[in-house]
Amino acid sequence: QVQLVESGGGLVQPGGSLRLSCVASGSISSIDAMGWYRQGPGKQRELAAAITSGGSTNYADSVKGRFTISRDNAKNTVYLQMNSLKPEDTAVYYCNAVVRVLFDTRSSDYWGQGTQVTVSS
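Quick caveat, the model's predicted, so the values are computed rather than measured.

Conventions adopted
- Residues numbered from 1 in each chain as written.
- Predicted model: local features only at pLDDT ≥ 70, side-chain atom pairs only at ≥ 80, totals over all residues.
- Heavy atoms only, no water.
- Buried < 20%, exposed > 50% of the residue type's maximum accessible area, 1.4 Å probe, protein only.
- Helix = DSSP H or I, 4+ residues; strand = E, 2+ residues; numbered from the N terminus.
- Pairing = 2+ DSSP bridges.
- Disulfide = S-S within 2.5 Å.
- Salt bridge = Lys/Arg side-chain N within 4 Å of Asp/Glu carboxyl O.

Draft legend 1. Spotlight on the pairing of strand β9 (residues 91-101). The buried fraction of β9 amounts to eight of the 11 residues, a majority that puts the element mostly inside the structure. By the bridge criterion, nine bridges tie strand β4 (residues 28-39) to β9 in an arrangement that is antiparallel. What sits directly across from tyrosine 37, in β9, is tyrosine 94. Sheet topology places β9 next to strand β11 (residues 115-119); three bridges connect them, and they run antiparallel. Looking at β11, one finds that alanine 91 is bridged to valine 117. Relative to strand β10 (residues 107-111), β9 runs antiparallel, the two being bridged by five bridges. Considered in β10, the bridge of valine 99 is made with serine 108. Following β9, the chain reverses through five residues before pairing antiparallel with β10; phenylalanine 103 in that reversal takes a positive phi of roughly 65°.

Draft legend 2. A look at the state of the cysteines. In this structure the tally under the stated criterion is one disulfide. For cysteine 22, the disulfide goes to cysteine 95, at an S-S distance of 2.1 Å. Between cysteine 22 and cysteine 95 the sulfur-sulfur dihedral comes to about -80°; the bridge is accordingly left-handed. Of this pair, cysteine 22 sits in strand β3 (residues 18-26) while cysteine 95 sits in strand β9; the two residues are 73 residues apart in sequence, bridging distant segments of the chain.

Draft legend 3. How the structure looks around the pattern of salt bridges. In this structure the tally under the stated criterion is five salt bridges. As a salt-bridge pair, arginine 38 and glutamate 46 come within 2.9 Å of each other at their nearest N and O atoms. Arginine 38 sits in the buried class, given a relative accessible area of 6%. Across the salt bridge formed by aspartate 89 and arginine 38, the nearest N and O atoms sit 2.9 Å from each other. Residue aspartate 89 is located in the loop between β8 (77-82) and β9, and its partner arginine 38 is located in strand β4; the two are separated by 51 residues in the primary sequence. Salt bridges linked by common partners bring Arg38, Glu46, Arg66 and Asp89 together as one network.

Geometric descriptors of this kind do not, in isolation, establish any biological role.
Take a look at the structure:
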């Protein structure tokens with residue numbers, strides 16, 4: 001019903017920048033919160049940043065001041081601008097969206113397939 005497709009991952013040197021994008025498509029009536037989670041090697045998945053439909057944002061302490069989340073509601077797209085990247089930011093980054101599909105009053109969580117971000121010299 002709903003697909004999330006991420007792009008923008010890759011290999012970057014410490015101190016560098018990357019911009020992730022995630023587009024939601026399918027039988028979408030509305031999208032509530034959208035966010036980016038990440039899972040580093042041997043670690044649990046954790047929230048990196050989230051944004052509500054109204055634009056309120058929430059960041060993990062480890063990325064505050066370096067990452068910026070934004071969204072384009074007209075395009076059902078969420079972005080994550082990552083600056084001053086550190087080796088500890090290395091992880092698979094997953095897009096998440098809370099979506100209400102057509103003809104359904106409930107909202108459900110949807111996930112992208114993940115995109116690898118590697119920070120290394």
